[in-house]
Amino acid sequence: MTDLTDGVLRTLFHSEQGGHEQVVLCQDRASGLKAVIAIHSTALGPALGGTRFYPYVSEEEAVADALNLARGMSYKNAMAGLDHGGGKAVIIGDPEQIKSEELLLAYGRFVASLGGRYVTACDVGTYVADMDVVARECRWATGRSPENGGAGDSSVLTAFGVFQGMRASAQHVWGDPTLRGRKVGVAGVGKVGHYLVEHLLSDGAEVVITDVREESVRRITDKHPGVAVATDTEALIRTKGLDIYAPCALGGALNDESIAVLTAKVVCGAANNQLAHPGVEKDLADRSILYAPDYVVNAGGVIQVADELHGFDFDRCRAKASKIFDTTLAIFARAKDDGIPPAAAADRIAEQRMAEARRR
């Protein structure tokens, strides 16, 4: 535990990736709950971000993921124009093995203990039904079912927002926002990815998919036999004639190895933290691959759950999510003007908004 503590403290107090306001380690032995809640910033308002339930290899990996994801949420919420800071929680363990009502209720009590500094929602491994349980112990749980006063599945607008970012990318690269005739590779067709595929097909795109879960692939191919399937992500990114690559699974998809063989001209997907390490964004630019910053284009879901706090209206949320198109184009323009990659341009805009909020 000393190594873990030292690692957390180094990240928080001495790393450029640190600066988090608060990190809470949560444990309830009766239910088996082990969780980390990370609050990066409340400059713009209460921290908002989902709860990831995942079988991390180690506690160190879980903490690192929570810190990275929380920081990303600060930037995402700022770029989405929300009055929320960034936070994230991770529950350690295989949800198929240890998730229980008792565990979720215990987790809800920990969120409640923060008194509204952190507002939670769904993420990888957690669903609407889980938030309904958490909400029984906590008033700061969003992404609940409509029957329980919530907005339902936020994946719907997450996918819609990514689609808008993709349209903006097409406008920037090819001068036309339509994806008709473009070949798009989607890695991960689960909660968000399968909705994205529907948008792409409706717009006339040629779609290639891959997923580690056979049932996720089959759900799409049974409905759309014309959708091609790559054996894995390695094969997908090497697909000849690929125009757009959409990482929609876990983070770190863009690394030294993948960028070297990527055939697409655009990367725009739903996954968080797609850049494996600093400098990857420059490597993409050097290969003339346009990167639509992940936390900008995948903000539709957080727009939806934030609206739930004020009385959810789907049409209002969809209208807000549609603005991701304009925001993405503005980032590309800023990147060109400043001579920097789009990821750096997005960071500058988000940091400016947070800094101005702190001065008020």
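Residues numbered from 1 in each chain as written. Predicted model: local features only at pLDDT ≥ 70, side-chain atom pairs only at ≥ 80, totals over all residues. Heavy atoms only, no water.

**As for the overall build of the protein**
Alright, step 1. Scanning the protein from N- to C-terminus turns up 16 helices and 12 strands.
Alright, step 2. Taken over C-alpha atoms, the radius of gyration comes to 19 Å for the protein, in line with the 21 Å a tight globule of 360 residues would show.
Alright, step 3. If you line up the protein on its principal axes, its C-alpha atoms span 55 × 50 × 40 Å.
Alright, step 4. At a minimum sequence separation of 6, the contacts of the protein that also span at least 24 residues come to 65%.
Alright, step 5. Carbon and sulfur atoms make up 48% of the accessible area of the protein, which amounts to about 15,600 Å² in all.
Alright, step 6. Across the protein, the mean location of the 38 positive side-chain charges is 4 Å away from that of the 47 negative side-chain charges. (Helix = DSSP H or I, 4+ residues; strand = E, 2+ residues; numbered from the N terminus. Rg over C-alpha atoms; globule rule 2.2 N^0.38 Å. Contact = heavy atoms within 4.5 Å. Areas by Shrake-Rupley, 256 points an atom, 1.4 Å probe, with all protein chains shown as cover. Lys, Arg positive; Asp, Glu negative; His and termini not counted. Charge placed at Lys NZ, Arg CZ, Asp CG, Glu CD.)

**Here we look at helix α6 (residues 155-174)**
Alright, step 1. Over its 20 residues, α6 runs 28 Å from end to end, which matches the ideal 28 Å to within 8%, given 1.5 Å per residue.
Alright, step 2. Taken across its 20 residues, α6 has 14 buried, putting it largely inside the fold. (Expected span 1.5 Å × (residues − 1). Buried < 20%, exposed > 50% of the residue type's maximum accessible area, 1.4 Å probe, protein only.)

**Details of the pattern of salt bridges**
Alright, step 1. The final tally for this structure, using the stated rule, is 20 salt bridges.
Alright, step 2. Ionic pairing is found between Glu59 and Lys34, a salt bridge with its closest N-O pair at 4.0 Å. Taken together, the residues Glu59 in helix α2 (residues 59-79) and Lys34 in strand β2 (residues 33-41) connect sequence positions 25 residues apart.
Alright, step 3. Two residues, Lys282 and Asp286, come together in a salt bridge whose shortest N-O distance is 3.0 Å. With Lys282 and Asp286 both in helix α11 (residues 280-286) and 4 residues apart, the pair spans about one turn of that helix.
Alright, step 4. A cluster of three or more residues bridged by salt bridges with shared partners is formed by Arg52, Asp65, Lys88 and Asp123. (Salt bridge = Lys/Arg side-chain N within 4 Å of Asp/Glu carboxyl O.)

**Some points on unusual backbone geometry**
Alright, step 1. Unlike most non-glycine residues, Asn273 shows phi in positive territory, near 50°.
Alright, step 2. With respect to the secondary-structure elements, Asn273 resides in the loop between β11 (266-267) and α11.
Alright, step 3. Unusually for a residue other than glycine, Ser288 sits at a positive phi of about 60°.
Alright, step 4. Along the chain, the position of Ser288 falls in the loop between α11 and β12 (290-291).
Alright, step 5. For Ser288, a relative accessible area of 60% corresponds to the exposed category.

**Thoughts on the pairing of strand β4 (residues 51-54)**
Alright, step 1. Pairing of β4 with strand β5 (residues 85-92) involves 4 bridges; the strand directions are parallel. Its bridge partner lying in β5, Arg52 is registered against Val90.
Alright, step 2. The parallel pair β4 and β5, bridged by α2, forms a crossover whose chirality is right-handed. (Pairing = 2+ DSSP bridges. Right-handed = clockwise from strand over helix to strand, strands pointing away.)

**A closer look at the nonpolar core**
Alright, step 1. Grouped together as the largest cluster of nonpolar side chains are 35 residues, with contacts concentrated most on Leu33, Ile37, Ile91, Tyr107, Tyr118, Val134 and Val302.
Alright, step 2. Counting only elements with at least two residues in this core, the list comes to β1 (22-28), β2, β3 (47-48), β5, α4 (101-113), β6 (118-119), α5 (128-134) and α13 (300-308).
Alright, step 3. Residue contributions to this core peak at 6 residues, all from α4.
Alright, step 4. Here Val302 is in contact with Leu48, Met73, Lys76, Asn77 and Leu82, once residues within four sequence places are set aside. (Core = buried A, V, L, I, M, F, W, Y, C linked by side-chain atoms within 4.5 Å.)

**Comments concerning the packing of aromatic side chains**
Alright, step 1. Inspection of the entire model under this criterion finds 3 aromatic pairs.
Alright, step 2. Ring centres of Tyr54 and Tyr56 lie 5.1 Å apart, and the angle between their planes is 70°; this geometry places the pair in the edge-to-face category.
Alright, step 3. Judged by relative accessible area, which is 9%, Tyr56 ranks as buried.
Alright, step 4. Pairing Phe312 with Phe314 gives two aromatic rings, centres 6.4 Å apart and planes at 75°, and the pair type is edge-to-face.
Alright, step 5. Given the relative accessible area of 27%, Phe312 is considered partly exposed.
Alright, step 6. One cation-aromatic arrangement involves Arg182 over Trp174; the distance from NZ or CZ to the ring centre is 4.0 Å.
Alright, step 7. Lys191 extends its terminal NZ or CZ atom over the ring of Tyr127, reaching a point 4.5 Å from the ring centre. (Phe/Tyr/Trp six-rings, centres within 6.5 Å; stacked < 30°, edge-to-face > 60°. Lys NZ or Arg CZ within 6 Å of the ring centre and 35° of its normal.)

**Some thoughts on the sheet that holds strand β8 (residues 206-210)**
Where strands meet in a sheet, backbone hydrogen bonds hold them as pairs that are either parallel or antiparallel.
Alright, step 1. On the basis of which strands lie adjacent, the open sheet formed by 6 strands has the order β9-β8-β7-β10-β11-β12 and parallel pairing. Among the strands making up the open sheet, the edge pair consists of β9 (228-229) and β12.
Alright, step 2. In this sheet, β8 lies alongside strand β7 (residues 183-187) in parallel orientation, the contact comprising 5 bridges. Across the sheet, residue Ala187 finds its bridge partner in β8, namely Thr210.
Alright, step 3. In the packing of helix α8 (residues 214-223) onto the sheet, contacts are made with β8 and β9, and the angle to β8 comes to roughly 155°. (Axes fitted to C-alpha atoms, helices over the stretch in contact; angles between N-to-C directions.)

**Considerations on the side chain of Ser41**
Alright, step 1. As for its placement among the helices and strands, Ser41 is situated in strand β2.
Alright, step 2. One polar contact links the side chain of Ser41 to the main-chain amide nitrogen of Ala43, over a distance of 3.1 Å.
Alright, step 3. Ignoring any residue separated from it by four or fewer positions in sequence, one finds Ser41 in contact with Glu21, Ala47, Ser74, Gly85, Gly86, Met354 and Arg358. (Polar contact = N/O pair within 3.5 Å; in protein donor to acceptor, adjacent residues only side chain to side chain.)

**Brief notes about the state of the cysteines**
Alright, step 1. According to the stated counting rule, one finds 0 disulfides in the structure shown.
Alright, step 2. Cysteine Cys26 shares no disulfide, and the gap to the nearest cysteine sulfur, in Cys138, comes to 12 Å.
Alright, step 3. The closest cysteine sulfur to the non-disulfide-bonded Cys268 is located on Cys248, 8.4 Å from its own sulfur. (Disulfide = S-S within 2.5 Å.)

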